[in-house]
Amino acid sequence: MSLISLITDFGLKDNFVGIMKAVILKINPQAQIVDICHEVKPQGLLEAAFLLRGSFRYFPKGSVHLVVVDPGVGSQRKKIIAKTKNYYFIGPDNGVLALALKDEPPIDIVEITSQRYFLKPTSDTFHGRDIFAPISAYLSRTLDKVRDLSKGAPLRKFGRRIKSIQELSTPSVKVSSKVLTGEIIYIDRFGNLVSNIDKDTLENFVSATKRGGSASATRIGGCANICGANLFGGKNKKFKIFIKDKTIDRLFSSYAEGKHLKPLALIDSFNHLEIALNCGSACDYLKAKKGTKVFVYL
Amino acid sequence: MSLISLITDFGLKDNFVGIMKAVILKINPQAQIVDICHEVKPQGLLEAAFLLRGSFRYFPKGSVHLVVVDPGVGSQRKKIIAKTKNYYFIGPDNGVLALALKDEPPIDIVEITSQRYFLKPTSDTFHGRDIFAPISAYLSRTLDKVRDLSKGAPLRKFGRRIKSIQELSTPSVKVSSKVLTGEIIYIDRFGNLVSNIDKDTLENFVSATKRGGSASATRIGGCANICGANLFGGKNKKFKIFIKDKTIDRLFSSYAEGKHLKPLALIDSFNHLEIALNCGSACDYLKAKKGTKVFVYL
Amino acid sequence: MSLISLITDFGLKDNFVGIMKAVILKINPQAQIVDICHEVKPQGLLEAAFLLRGSFRYFPKGSVHLVVVDPGVGSQRKKIIAKTKNYYFIGPDNGVLALALKDEPPIDIVEITSQRYFLKPTSDTFHGRDIFAPISAYLSRTLDKVRDLSKGAPLRKFGRRIKSIQELSTPSVKVSSKVLTGEIIYIDRFGNLVSNIDKDTLENFVSATKRGGSASATRIGGCANICGANLFGGKNKKFKIFIKDKTIDRLFSSYAEGKHLKPLALIDSFNHLEIALNCGSACDYLKAKKGTKVFVYL
């Protein structure tokens, strides 16, 4: 039984998502559809790309991941299918698949050119319904018949092979010997502030700086003790995190360790440095937003 | 495997929808349930009727469409099942099914009178749970056993045959030789403004007026060139659209053709004349709302 | 086919719920997942407990009810599975399961201690994904293989048996011979105000007071006639309900019986005394909130 995951910016107040599911199930009644998220901000490419990257690996091998965040619908932007070792990714070629495909590189990419599988008539305003849903359904139906998933389904019937996809420009982390400068790139329902500094970057920065011997010079004010046996190999390293006018001098391993309504930092469940508030919204408390800077000093 | 679609005004913050699904699956574990929309404004009959009409035809033949927007729950309003060539429609007889059944006329209508299939005890406040969900489930279970879908399932066991249903009063389009006057009847998540002027009405108006020769008299200011090979047979006709204090003189075939943050008009994916903003909300930009007038001049 | 119901405070704007479903379906592709509600207010234990209690009994026998409202994630709070006559309940041991388990007492309770079924690596911030989803999936997979559901699945492989769970403190109803004092504990999407006075409590109060003979002394102003043949055995008893500065002197059996935009009272579909407004929001109209007092005088 093939699984199709959905990420869109269609929201839940209209009938767009329900119609896509109807189209899918009309073509492949066996398809299992899982909503990842439909509340992506309209035209929120980075948000959708981030949600997809955080989600895709938890799905069964052979799942089809369909993303429809598509401000260029009806224009000349390509529509693509990318096959990786474990999954199939379908969407407009506007960067929305780029972060996931950086983590799991494509072994085959096809631009959807054959109109054979489109809904007819095909609108220029709702490719989710008329192109992406039916393509996903036909692909999943093919996958149901494939016994050897490692071989997978042939994509060539859907269009012509291409070599690369549109990249997505993302805010980068600046690394100096003294300071790591990142920013908030995602804010979740709880008001937790997710930065673009991932665990590896933080760990490398802390280790490198320590080896470089400049640690004492950059140690400002108090110091952060990384807690949690698994974090950074359990070594007792020291750094401080600054966001807005607040200083955080500890890295916790859970929200509940924080003091009630005091900002805390941790490596979150997607391996990003996150600023949170135990039982409250760090976003509201700090009046932070996407783009708010986060500094790490050693 | 029978499919049941759901439209309600129950929202997603309570347990109402989950309970309806539980009741359905307890009776028919094979039922496949697809949410069309639960965020219909409370008691929003016209909104629900519009969403149903836009959605029902995309579902597999034999699907059961259940709509629970039911301000009269517990009163003497009827509860009905309507069978059409391809589908079954279930809901209160308050007009919520009327637009869909205008597009696909019923060949059998039954008022639900038999209490045999109700949940017991049966409340007067939640017929979605106690009457509509179980009736849908029993009907879908029957459909699973019917081999010849063209013959369909007998409805008589659920109640007594009736001849007509409650109509729904909808804002009508005024047509004169010089101007077409419609209004906004639906606003989607993106702030796109959907008017009650459908493609056929617009096309007929443009053709008739042109044939009548009064086109030059009513041509005001610039002119609209309908683009898109499939629109209006590719002929190059001219008209202007007015909404609030804005004039739109072109009909596009996709959002992306519009200038960034400039109002545009197109025939949307449900064949209605729609006012939109490329990468923005026409609703916010124009401060429009349901009922805002839209004029088309030739 | 085993069914897993979900209640969380994860909302729908992130990917948390979709990821939990992915984890479940990767382990048990046959699992059927039903969302009860994900819009529980962050850390809203009482709200989640109330939604669960109102929902669980409508599901098929053998269903697994998973609740993840878990402000103490990563702390020393227990994670538990409770087996009752008809269902399995899984969640953090913070009281969120307590109301349901008061209605349907557990016959076996296990603290989840075996890490064998956890996702690895196991975070301290997202037990919904790493612990609760996989445990639910493994349990439901076991249930699929159990033929004799009355015997059920053994829980011991997931951890060690415990004897009791964390209670949940809830606002209590004060009963005197003259007045019943309750409060609003839940407000639904329609603005209906659900009180903590249930049907039995109200009925007992009315009967007892009547028997006590003090009814005439406590009868204030007009009087309430309980309507509806099934309510209170059809006897014609009299009482008044006070909320904010309003008096309600009738108990209706449906919303539609109320006058347009006038507050009304009824026993709702979950057997609680509810204050509502026909075609409007009692919450907005009365400016009420959770905790607003409700008085019943005889």
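Residues numbered from 1 in each chain as written. Chains lettered and ligands numbered in written order. Predicted model: local features only at pLDDT ≥ 70, side-chain atom pairs only at ≥ 80, totals over all residues. Heavy atoms only, no water.

Chemist: Help me understand the interface of chain C and chain B in this model?
Modeler: Bring the parts together and some accessible area is lost; that lost area is often taken as the interface size. Each partner contributes residues to the interface: chain C has 33 residues there, and chain B has 34 residues. For the chain C and chain B pair, buried surface summed over both sides reaches about 2600 Å², with 60% attributable to carbon and sulfur atoms. For the chain C face of the interface with chain B, the top three residues by lost area are Tyr58, Arg189 and Phe190 of chain C, together amounting to 28%. For the interface between chain C and chain B, the tally reads one salt bridge. Across the chain C-chain B interface, the total number found is 12 residue pairs in polar contact (both at pLDDT 80 or more). Elements with a contribution of two residues or more to the side of chain C that touches chain B: strand E2 (32-37), helix H2 (45-55) and strand E9 (179-187) of chain C. Looking at the side of chain C that touches chain B, the element that brings in the most residues is E2 of chain C, giving five residues. Split by residue class, the side of chain C that touches chain B holds 19 nonpolar, eight polar and six charged. (Contact = heavy atoms within 4.5 Å. Buried area = accessible area lost by both parts, 1.4 Å probe. Salt bridge = Lys/Arg side-chain N within 4 Å of Asp/Glu carboxyl O. Polar contact = N/O pair within 3.5 Å; in protein donor to acceptor, adjacent residues only side chain to side chain. Helix = DSSP H or I, 4+ residues; strand = E, 2+ residues; numbered from the N terminus. Nonpolar A, V, L, I, M, F, W, Y, C, P; charged D, E, K, R; others polar.)

Chemist: Please clarify how empty space enclosed by the protein should be interpreted in this entry.
Modeler: Evaluation of the coordinates by the stated rule reveals one cavity of 30 Å³ or more. There is about 450 Å³ of room inside the largest cavity. Lining the largest cavity we find 32 residues, and of these Phe190, Asn192 and Tyr255 of chain A together with Phe10 and Thr125 of chain C sit closest to its centre. In terms of residue count, the dominant contributor to the lining of the largest cavity is helix H2 (residues 45-55) of chain A (three residues). For the lining of the largest cavity, the per-class residue count stands at 16 nonpolar, 10 polar and six charged. (1 Å grid on protein atoms, 1.4 Å probe; cavity = no way out; pocket = protein on both sides within 12 Å on 5 of 7 lines; lining within 4 Å. Points joined across faces, edges and corners; volume = space filled by probe spheres on them.)

Chemist: I would appreciate a short explanation of unusual backbone geometry in the present structure.
Modeler: When glycine is set aside, most residues are seen to have a negative phi, and most peptide bonds are trans. With an omega of -5°, the peptide bond between Lys120 of chain A and Pro121 of chain A qualifies as cis. Looking at the element boundaries, Pro121 of chain A is found in the loop between strand E6 (108-112) and helix H4 (127-145). You will see that Lys287 of chain C, though not glycine, has its phi angle at about 50°, which is positive. Residue placement: Lys287 of chain C occurs in the loop between helix H7 (282-286) and strand E17 (293-297). For Lys287 of chain C, a relative accessible area of 65% gives the class exposed. (Buried < 20%, exposed > 50% of the residue type's maximum accessible area, 1.4 Å probe, protein only.)

Chemist: What's the story with the relation of the copies chain C and chain B in this structure? I'm lost.
Modeler: The two chain copies are related to each other by a rotation about an axis together with a translation along it. Between chain C and chain B, which share one sequence, the superposing operator has a rotation angle of 120° and an axial displacement of 0.0 Å; the RMSD is 0.0 Å. These values place the two chain copies in the arrangement generated by a three-fold rotation axis. The overlap is low: 6% of the interface residues of chain C also sit at the interface in chain B, so different surfaces are used on the two sides. (Least-squares fit on C-alpha atoms with pLDDT ≥ 70 in both.)

Chemist: What should I look at first to understand the interface of chain A and chain C in this one?
Modeler: Opposite the 33 residues of chain A that make contact, chain C presents 34 residues. Between chain A and chain C, the buried area comes to about 2600 Å², and carbon and sulfur atoms account for 61% of it. When residues of chain A are sorted by the area they lose upon contact with chain C, Tyr58, Arg189 and Phe190 of chain A head the list and together hold 29% of the total. The tally of links from chain A across to chain C stands at one salt bridge. The salt bridge involving Glu39 of chain C is made with Arg189 of chain A; its shortest N-O contact spans 3.4 Å. Here chain A and chain C share 12 residue pairs in polar contact (both at pLDDT 80 or more) between them. Of all elements in the fold, only strand E2 (32-37), H2 and strand E9 (179-187) of chain A reach the threshold of two or more residues within the side of chain A that touches chain C. Taken together, the residues of the side of chain A that touches chain C break down into 19 nonpolar, eight polar and six charged.

Chemist: Can you help me understand the pairing of strand E17 (residues 293-297) of chain A in this one?
Modeler: Where a strand is regular, its side chains alternate between the two sheet faces. Residue and element names in this part refer to chain A. Residue alternation in E17 divides its side chains into a buried set, Val294 and Val296, and an unburied set, Lys293, Phe295 and Tyr297. Relative to E17, E9 is paired through five bridges, and the arrangement is antiparallel. Pairing of Thr181 across the sheet is with Phe295, part of E17. As paired strands, strand E12 (residues 240-243) and E17 are joined by four bridges and run antiparallel to one another. Across the sheet, the residue bridging to Lys240 is Tyr297, located in E17. (Pairing = 2+ DSSP bridges.)

Chemist: How should I be thinking about the sheet that holds strand E7 (residues 159-161) of chain B in this particular structure?
Modeler: Across a sheet, paired strands are connected by hydrogen bonds in the backbone, their directions being either parallel or antiparallel. Residues and elements named next belong to chain B. An order of E2-E1-E3-E5-E4-E6-E7 is seen for the seven strands of this open sheet, with the pairing classed as mixed. Only two strands of the sheet have a single partner each, and these edge strands are strand E2 (32-37) and E7. Pairs of neighbouring strands in the sheet enclose a mean axial angle of 20°, with direction left out of account. Judged from the five bridges that link them, strand E1 (residues 3-8) and strand E3 (residues 64-68) form a sheet pairing that is parallel. Residue pairing for E3: Ile7 is matched across the bridge by Val67. Helix H1 (residues 16-27) rests against E1, E2 and E3 of the sheet, and its axis sits at about 155° to E1. (Axes fitted to C-alpha atoms, helices over the stretch in contact; angles between N-to-C directions.)

Chemist: Got a minute to help me understand the packing of aromatic side chains in this structure?
Modeler: Ring pairs (aromatic) are described by centroid distance and by the angle formed between their planes. Following the criterion strictly, the structure yields 39 aromatic pairs over all chains and no others. Geometrically, the ring pair formed by Phe242 of chain A and Tyr297 of chain A is edge-to-face, given 5.3 Å between the ring centres and 90° between the ring planes. In this pair, Phe242 of chain A is assigned in strand E12 and Tyr297 of chain A in strand E17, connecting sequence segments 55 residues apart. What makes Tyr297 of chain A partly exposed here is its relative accessible area of 25%. The structure contains a cluster of three or more aromatic residues connected by ring pairs, namely Phe10, Phe16 and Phe126 of chain A together with Phe190 and Phe270 of chain B. Arg129 of chain A extends its terminal NZ or CZ atom over the ring of Phe270 of chain B, reaching a point 5.4 Å from the ring centre. (Phe/Tyr/Trp six-rings, centres within 6.5 Å; stacked < 30°, edge-to-face > 60°. Lys NZ or Arg CZ within 6 Å of the ring centre and 35° of its normal.)

Chemist: Is there a simple way to think about the pattern of salt bridges in this case?
Modeler: Pairing between side chains of opposite charge can happen when their charged atoms approach one another. Residues and elements named next belong to chain A. This model, assessed by the stated rule, comprises 30 salt bridges over all chains. Here Arg57 and Asp103 are joined by a salt bridge, their closest N and O atoms 2.7 Å apart. Residue Arg57 is found in the loop between H2 and strand E3 (64-68), and its partner Asp103 is found in helix H3 (residues 98-103); the two are separated by 46 residues along the sequence.

Chemist: Just to check I follow, could you spell out helix H4 (residues 127-145) of chain B for this structure?
Modeler: For an α-helix, the turn length of 3.6 residues means that residues three or four places apart are oriented alike. Residue and element names in this part refer to chain B. Over its 19 residues, H4 runs 26 Å from end to end, which matches the ideal 27 Å to within 8%, given 1.5 Å per residue. Considering bend angle alone, the principal kink of H4 is centred on Ala133 and spans about 30°; proline Pro134 follows within four residues of it. The element H4 is largely enclosed, with a buried count of 15 among its 19 residues. (Expected span 1.5 Å × (residues − 1). Bend = angle between axes of the 7 residues up to and from the residue.)

Chemist: What's the story with the environment of Lys289 of chain B in this structure? I'm lost.
Modeler: Residues and elements named next belong to chain B. Tracing the backbone shows Lys289 in the loop between helix H7 (282-286) and strand E17 (293-297). On the basis of relative accessibility, which here comes to 58%, the residue Lys289 falls in the exposed class. Sequence spacing of Lys289 and Ser207 is 82 residues, and the spatial spacing of their C-alpha atoms is 29 Å. Apart from the residues within four sequence positions on either side, Lys289 is in contact with Ile184 and Ile187.

Chemist: Is there a simple way to explain the pairing of strand E15 (residues 263-267) of chain C in this structure?
Modeler: All names here are of chain C. Counting buried residues in E15 gives five out of five residues, a clear majority hidden from the surface. Neither face of E15 is exposed, since Pro263, Ala265 and Ile267 on one face and Leu264 and Leu266 on the opposite face are all buried. Sheet topology note: the strand E14 (residues 250-252)/E15 ladder contains two bridges and is parallel. Counterpart to Leu251 in the pairing with E15 is Ala265. Two strands pair when backbone bridges link them, and E15 and strand E16 (residues 272-277) are joined in this way by five bridges, in the antiparallel orientation. If you follow Leu266 over to E16, its bridge partner there is Glu274. Count of turn residues in the E15/E16 antiparallel hairpin: four residues, of which Asn271 carries a positive phi of about 70°.

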